[in-house]
Amino acid sequence: MILVLVEHDRGELAPATLEALTAARSLAADAGGPVAALSIGADADGLAGTLATYGAETIHQSHHELLTDYGPELWGEVLAQAIDSLSPSFVLACGTDRGSEVLAQAAARRDLPLVANCTEVRPGSTLELTRVRWGGSLLEVTTLDAPVALLTIAHHAVEASLADAPAAGAISPHPPTLDPVLARSVVRGRVEREAGITLATAPVVVGGGRGVGSPEGFAPLDELAALLEGAVGCSRAVTNNGWRNHTDQVGQTGTRIAPEVYLACGISGAIQHWVGAMAAKNIVAVNTDPEANMVAKAGYAVIGDLHEVVPAIAAEITRRRA
Ligand SMILES: Cc1cc2nc3c(=O)[nH]c(=O)nc-3n(C[C@H](O)[C@H](O)[C@H](O)COP(=O)(O)OP(=O)(O)OC[C@H]3O[C@@H](n4cnc5c(N)ncnc54)[C@H](O)[C@@H]3O)c2cc1C
């Protein structure tokens, strides 16, 4: 059995879960065994239908009074107990912050190895994995010999897709035994983003780098992102300067994005930025330097001053819509 951790917040599904389920389906085709999901907390019960359409034959639902909000130790212990009782061959999660955290917790609790950020899983007499290391600058091939393989799938390495036909999605209660001491670290509050569009899931991202020059310089980027119903991202040079919040940072130490279009303005395209942006389907660079790495890597480039180019794009969109 391949057990997939369902990542959600009070019942709101993290789309990354669907990537993990899609990866689990292709692993099941190679390695055999059904795909099952572990949903933690009663708030996640409503996700069963969606999980079935992405291939979950069984959904193990863990209910407990301590499982209303996300807590890494609580979730890690629930997963560890699920490993004990369900004996899966593989446990998969998407390599998001929470996916990595919960699998690491379970691995530590059961003294199991964890292979993080896999891009390929090749079962066989020896389990072989390709995984991303060093912020994406190295692909490592590794083998794993363990009674159960705990793997995270690199975020955006797999495109989520529906199963050919919905799976059974049979519900199986999985009540855990939890010591209240595990509730040491639990989410207690949330800051809602105004537009409801997050950087990680936005279909369009307008990114700004040091070339933007100031916090105020982001106003035209904000305007363009709003016109395109997208989000604004930035480089670390920007967050280091305090021009934008770290939640807007794209890259190795920020958010990994996968929009349809990434408009990278005044960003040189350092490797640490690139690894967060490379899953974008189309990249348009706006840069004064035709030799900039981002220009070389982009599908399209405008060589010019972003302070002229970005307002011109916004004005043209407004003109055409009118
Ligand atoms: C461990 C580690 C982790 C890191 N993690 C990240 C990360 O997660 N994300 C990240 O972004 N960086 C990260 N960095 C930093 C990274 O190495 C770069 O320093 C950073 O990405 C550079 O930001 P930038 O492209 O905005 O600035 P610069 O490299 O200074 O580039 C500015 C670009 O703007 C162009 N430009 C200037 N003026 C204009 C204008 N008026 N119009 C158009 N173009 C203009 C220039 O030609 C240049 O290409 C990390 C570094 C380390 C060591």
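Values in this document were obtained by computation on a predicted structure and should not be read as measured data.

**Student:** A description of the overall build of the chain should follow, citing residues and the corresponding values.
**Tutor:** Scanning the chain from terminus to terminus reveals nine helices and 16 strands. For 322 residues, the compact-globule estimate of 2.2 N^0.38 gives 20 Å, and the C-alpha radius of gyration of the chain, at 21 Å, lies within 12% of that figure. Dimensions of the chain along its principal axes, counting C-alpha atoms only, are 60 × 40 × 40 Å. Buried positions account for 45% of the 322 residues belonging to the chain.

**Student:** Account for the site of the ligand, with residues named and values stated.
**Tutor:** Taken together, the neighbourhood of the ligand is formed by 28 residues, with Gly 209, Gly 211, Arg 236, Gly 251 and Ser 268 sitting nearest. Secondary structure elements with two or more residues in the shell around the ligand: helix H6 (236-240), helix H7 (271-277), strand S15 (282-287) and helix H9 (306-321). Class assignment for the residues of the shell around the ligand results in eight nonpolar, 16 polar and four charged.

**Student:** Give me the lowdown on the packing of helix H3 (residues 72-86) against helix H4 (residues 97-109), citing residues and values where you can.
**Tutor:** Two elements in contact, H3 and H4, have axes separated by 8 Å at closest approach and are oriented at 55°. Here H3 lies oblique to H4, going by the angle between them. H3 and H4 meet at a crossing whose hand is right-handed. The residues of H4 that touch H3, namely those facing Pro 72, Glu 73, Trp 75, Gly 76, Glu 77, Leu 79, Ala 80 and Ile 83, are Glu 101, Val 102, Gln 105, Ala 106 and Arg 109. Its residues assigned to classes, the contact of H3 with H4 comprises seven nonpolar, two polar and four charged.

**Student:** Go over the sheet that holds strand S1 (residues 2-5) with me, naming the residues and quoting the values.
**Tutor:** Think of a sheet as strands paired side by side through backbone hydrogen bonds, with each pair either parallel or antiparallel. With mixed pairing, the nine strands of this open sheet are ordered in space as S9-S8-S7-S10-S6-S1-S4-S5-S11. The open sheet has two edge strands with one neighbour each: strand S9 (138-144) and strand S11 (170-173). Strand after strand, the sheet turns through a mean of 40° between neighbouring axes, direction not considered. Relative to strand S10 (residues 149-153), H4 is tilted by about 170°, and along the sheet it contacts S1, strand S6 (90-94), strand S7 (114-122) and S10.

**Student:** Outline the sheet that holds strand S14 (residues 261-265), listing residues and values.
**Tutor:** Strand order in the open sheet made by the five strands is S13-S12-S14-S15-S16, with parallel pairing throughout. Bordering the open sheet on either side are strand S13 (231-234) and strand S16 (300-303), each of which pairs with just one other strand. Put simply, the sheet's adjacent strands are angled 20° from each other on average, direction ignored. Here four bridges tie S15 to S16, and the two strands are oriented parallel to one another.

**Student:** I'd like a rundown of the environment of Gly 211, residues and numbers included.
**Tutor:** Position of Gly 211 relative to the elements: it lies in the loop between strand S12 (204-208) and helix H5 (219-227). Given 22 C-beta atoms within a 10 Å radius, Gly 211 is considered buried. Along the chain, Gly 211 and Gly 266 lie 55 residues apart, while their C-alpha atoms are 4.1 Å from each other. Those residues in contact with Gly 211 that sit more than four places away from it in its chain are Cys 265, Gly 266, Asn 287 and Leu 306.

**Student:** Before we move on, can you summarise the environment of Ala 157 with the specific residues and values?
**Tutor:** For Ala 157, the location among the structural elements is in the loop between S10 and S11. Among the residues examined, Ala 157 registers 20 C-beta atoms within 10 Å and is labelled buried.

**Student:** If you had to explain the domain arrangement of the chain to someone new, which residues and values would you point to?
**Tutor:** One can read the domain layout of the chain as domain 1 (2-184) and domain 2 (204-321). Distance from the C-alpha centre of domain 1 to the C-alpha centre of domain 2: 33 Å. With five residues of domain 1 at the contact, the number on the domain 2 side is eight residues. Looking at the side of domain 1 that touches domain 2 residue by residue, the class counts come to no nonpolar, five polar and no charged.

**Student:** Help me get a handle on the nonpolar core, residues and values and all.
**Tutor:** Core analysis: the biggest nonpolar cluster contains 53 residues, and Val 4, Ala 20, Ala 56, Leu 92, Leu 151 and Ile 153 have the highest contact counts within it. Among all residues touching Leu 92, those that are not within four sequence positions of it are Ile 2, Val 4, Ala 20, Ala 23, Ala 24, Leu 151 and Ile 153. Counting 40 residues, the second largest nonpolar core, distinct from the first, contains Ala 225, Val 250, Ala 264 and Leu 306.

**Student:** So what about the pairing of strand S8 (residues 127-133)? Which residues, and what values?
**Tutor:** As paired elements, S7 and S8 share four bridges and run antiparallel to each other. Within the sheet, the bridge partner assigned to Val 121 lies in S8 and is Leu 129. With seven bridges joining them, S8 and S9 adopt antiparallel strand pairing. In the strand pairing of S9, Arg 131 is matched with Glu 140.

**Student:** Can you break down unusual backbone geometry residue by residue, with the values?
**Tutor:** For Ser 87, which is not a glycine, the phi torsion comes out positive at approximately 45°. Positionally, Ser 87 belongs in the loop between H3 and S6. Positioned with a positive phi, Asn 117 is a non-glycine residue whose angle comes to about 60°. In this structure, Asn 117 sits in strand S7.

**Student:** Which residues make up helix H1 (residues 16-31), and what values go with them?
**Tutor:** Between its terminal C-alpha atoms H1 stretches 22 Å, which fits the 22 Å expected from 16 residues at 1.5 Å a residue. When H1 is considered as a whole, its buried residues turn out to be Ala 16, Thr 17, Leu 18, Glu 19, Ala 20, Leu 21, Thr 22, Ala 23, Ala 24, Arg 25 and Leu 27. Positive backbone phi, at 80°, marks Gly 32, one or two positions downstream of H1.

What counts as what
Residues numbered from 1 in each chain as written. Predicted model: local features only at pLDDT ≥ 70, side-chain atom pairs only at ≥ 80, totals over all residues. Helix = DSSP H or I, 4+ residues; strand = E, 2+ residues; numbered from the N terminus. Rg over C-alpha atoms; globule rule 2.2 N^0.38 Å. Buried ≥ 20, exposed ≤ 12 C-beta atoms within 10 Å, placed from the backbone. Near = placed C-beta within 6 Å. Nonpolar A, V, L, I, M, F, W, Y, C, P; charged D, E, K, R; others polar. Axes fitted to C-alpha atoms, helices over the stretch in contact; angles between N-to-C directions. Parallel < 35°, antiparallel > 145°, perpendicular 65-115°, else oblique. Left-handed = near helix turned anticlockwise from the far one by under 90°. Contact = placed C-beta atoms within 7 Å. Pairing = 2+ DSSP bridges. Domains from an automatic or database assignment. Core = buried A, V, L, I, M, F, W, Y, C linked by C-beta atoms within 7 Å. Expected span 1.5 Å × (residues − 1).

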